[in-house]
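Letter by letter, the chains look like this.
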Amino acid sequence: MSATQSSETAEASVPYRVLARKYRPQSLADLIGQEPMVRTLTNAFETGRIAQAYLLTGVRGVGKTSTARILARALNYTKAGTDRPSIDFSEIGEHCTAIMEGRHIDVIEMDAASHTGIGDIREIIEAVRYKPAAARYKVYIIDEVHMLSNQAFNGLLKTLEEPPEHVKFIFATTEVRKVPVTVLSRCQRFDLRRIEAGRLVALLEEIAAKENVAIDHDALAMIARAAEGSARDALSLLDQAIAHSTGEDGAATQAIKAGEVRAMLGLADRNRVIDLFDQLMRGEVASALGTLGGLYESGADPATVLEDLANFTHVVTRLKLTPETAQDTGLTEEERDRGRNFAEALSIRLLSRCWQILLKGIDEAREASQPLAAAEMVLVRLAHSADLPTPDEAIRVLTERSDDDRKAAAAPPLPVGQKTPALTPAPSTMQPQPARSSPVNPAAIASLPAEKDYPEQEVDAASNAVRIERFENLIALAGEKRDLQLKFGLERFVRLIRLEPGRIQLGLTEDAPASFTSDLGNRLHEWTGRRWIITIDSDANVPTLFEREATARAQLVKDASRDPTVAAVLERFPGSEIVDIRFAGGDAKAGAGAEISNGAADVEVPPEGFGD
């Protein structure tokens with residue numbers, strides 16, 4: 001057998017190691033994206049301030065277990081001339097290889113997910129009394145420590161607080177909130193961060209070069225985004241992408257393209273997602289639905305398409321607020337260039353509105369029995385929301401239209417002496433008002449005072465628009481418009497402070513309906529063709545029109561009861577009372593008559609006897 005054949009046979013006999021294990025960090029310097037933790041641990045080991053217990057937390061794949069093994073290696077680092085803990089791994093130490101491979105006798109790794117009970121902790125408590133067999137420290141690495149039971153945590157507290165000098169604990173968890181505070185207070189905690197997409201892309205490029213694999217930058221960016229900050233996930237996806245594009249001879253046939261990675265991940269075409277975003281921002285519903293249908297037919301999940309739209313919305317928003325985001329290597333060239341254009345053209349309000357619609361729509365698409373239909377309805381909402389004006393724009397448009405409508409409705413001045421024509425509502429830019437939910441109480445209508453002779457409202461001869469300059473004009477207008485509920489409310493609920501064209505300041509009684517102010521504003525706008533500013537003064541102590549009339553009537557009744565004739569009638573009919581005062585002939589100066597009721601009969605007192 002030749003040397004070449006022997007080498008090939010040896011390589012074939014070595015089992016394949018996945019990239020996540022092959023390129024696992026071997027020292028603190030190999031950890032990417034964890035600079036604060038690396039600096040703290042480096043200073044601690046250099047000064048000898050080594051804690052008795054460490055707690056490592058973070059999402060999956062950011063390096064918690066690898067960091068724990070590196071710490072165990074640093075605690076037990078031994079080589080010729082060095083016999084103290086050190087993070088300087090310039091040379092392989094006596095225990096390094098066994099510790100990093102997870103097979104050292106004094107470094108005990110335990111999975112708390114399968115060893116949750118107090119019995120497992122009792123074994124640790126018993127074992128910590130004995131010194132390490134070969135290394136400097138006996139190190140216990142407990143992964144997913146939050147899975148321990150409450151009894152197990154309680155049983156560990158005393159040992160964790162005062163462990164023997166030869167014992168160190170290293171905990172790792174993805175759910176730090178489930179770890180009791182009594183345990184947290186006994187550990188030095190390090191939060192491992194998600195790795196930025198740009199740094200993941202750089203890591204993947206470096207490993208792909210070592211593996212002699214050619215892969216497009218856009219494909220690496222897709223993998224980095226799909227990994228969501230996890231280095232292990234990114235390497236696993238890279239492994240999968242290499243296998244996906246490998247030919248029968250075991251070698252990659254050509255450079256791995258973004259399309260292959262997209263098909264492997266089941267993602268929507270990023271460029272088509274950007275096209276979809278463009279169509280939605282232009283309000284082109286039909287084109288957007290066609291693009292979504294094409295993505296769906298190519299295998300993209302509707303909820304995933306919405307997620308990609310939300311991600312691109314976030315990219316555009318960041319490019320608008322922080323233009324330096326364009327330097328992020330996790331972005332494709334298409335995202336960078338077109339994202340800048342969208343950032344210049346779209347407002348923050350519109351982007352925020354799209355983000356909210358998409359967040360709600362993603363959940364709808366995931367939970368719907370017909371995800372495609374749900375996603376289509378989300379796109380319809382997005383396309384129409386892109387055409388909606390902002391609140392200040394809407395107010396400006398409504399005001400301008402109102403002015404234009406009043407000018408269009410202008411008529412020649414009325415001839416002198418001509419009677420005011422029946423009023424018609426001015427054209428309104430508002431939608432028809434819905435029927436109010438609190439109809440007038442029939443009993444309240446029956447108890448309304450007799451129709452008063454309010455002065456007629458004035459009409460602007462130049463524009464033929466109604467002008468309300470006095471409160472009595474407004475009440476008369478409500479009566480002419482047959483809005484009895486508003487007329488009743490104006491008389492009973494309003495404490496008028498000031499009224500001038502376009503502005504009214506008032507107070508309200510405690511029994512005024514909650515919708516009274518908005519109803520009054522809507523009616524004023526409808527009847528006068530302009531928007532009114534209504535100011536509410538909660539401290540107003542001005543009497544309402546009804547209260548003023550009631551006070552005046554009470555005074556009349558009091559005066560009438562003092563009349564000798566009326567007093568004689570009241571005395572003659574015990575239990576009777578004055579229920580109304582009417583002036584003879586409708587003229588207050590002509591005298592008055594008092595109507596007296598005892599519940600069975602009414603008695604008219606001649607007016608000539610009143611006031612004698």
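Residues numbered from 1 in each chain as written. Predicted model: local features only at pLDDT ≥ 70, side-chain atom pairs only at ≥ 80, totals over all residues. Heavy atoms only, no water.

Examining the sheet that holds strand S3 (residues 138-143)
The five strands lie next to each other as S2-S3-S4-S1-S5, forming an open sheet whose pairing is parallel. Single-partner strands in this sheet number two, and they are strand S2 (107-111) and strand S5 (188-191). Between one strand and the next, the sheet's axes are offset by a mean angle of 15°, whatever the strand orientation. Here six bridges tie S3 to strand S4 (residues 167-173), and the two strands are oriented parallel to one another. (Pairing = 2+ DSSP bridges. Helix = DSSP H or I, 4+ residues; strand = E, 2+ residues; numbered from the N terminus. Axes fitted to C-alpha atoms, helices over the stretch in contact; angles between N-to-C directions.)

Observations concerning unusual backbone geometry
We note that Asn212 has phi near 55°; this positive angle belongs to a residue other than glycine. Among the structural elements, Asn212 can be located in the loop between helix H9 (197-210) and helix H10 (217-227). When its relative accessible area of 73% is taken as the criterion, Asn212 is described as exposed. For Arg482, which is not glycine, the phi dihedral falls at a positive 60°. The residue Arg482 is located in the loop between helix H21 (471-480) and helix H22 (484-492) in this model. The class for Arg482 is exposed, based on a relative accessible area of 71%. (Buried < 20%, exposed > 50% of the residue type's maximum accessible area, 1.4 Å probe, protein only.)

Some details on the packing of helix H13 (residues 270-281) against helix H16 (residues 333-345)
Axis separation between H13 and H16 bottoms out at 11 Å; the angle between their running directions is 10°. On the basis of the axis angle, H13 is roughly parallel to H16. Between H13 and H16, the residues in contact are Arg270, Asn271, Ile274, Asp275, Phe277 and Asp278 and Glu334, Glu335, Arg338 and Phe342, respectively. Its residues placed into classes, the contact of H13 with H16 shows three nonpolar, one polar and six charged. (Parallel < 35°, antiparallel > 145°, perpendicular 65-115°, else oblique. Contact = heavy atoms within 4.5 Å. Nonpolar A, V, L, I, M, F, W, Y, C, P; charged D, E, K, R; others polar.)

What to know about the packing of H13 against helix H14 (residues 285-297)
Running from N to C, H13 and H14 cross one another at 160°; their axes reach a closest spacing of 9 Å. Here H13 is positioned roughly antiparallel relative to H14, judged by the angle of their axes. For the pair H13 and H14, the crossing hand works out as left-handed. Facing Arg272, Leu276, Gln279 and Leu280 of H13, the residues of H14 in contact are Ser287, Ala288, Thr291, Gly294 and Leu295. Each residue belonging to the contact of H13 with H14 can be placed in one class, and the counts come to four nonpolar, four polar and one charged. (Left-handed = near helix turned anticlockwise from the far one by under 90°.)

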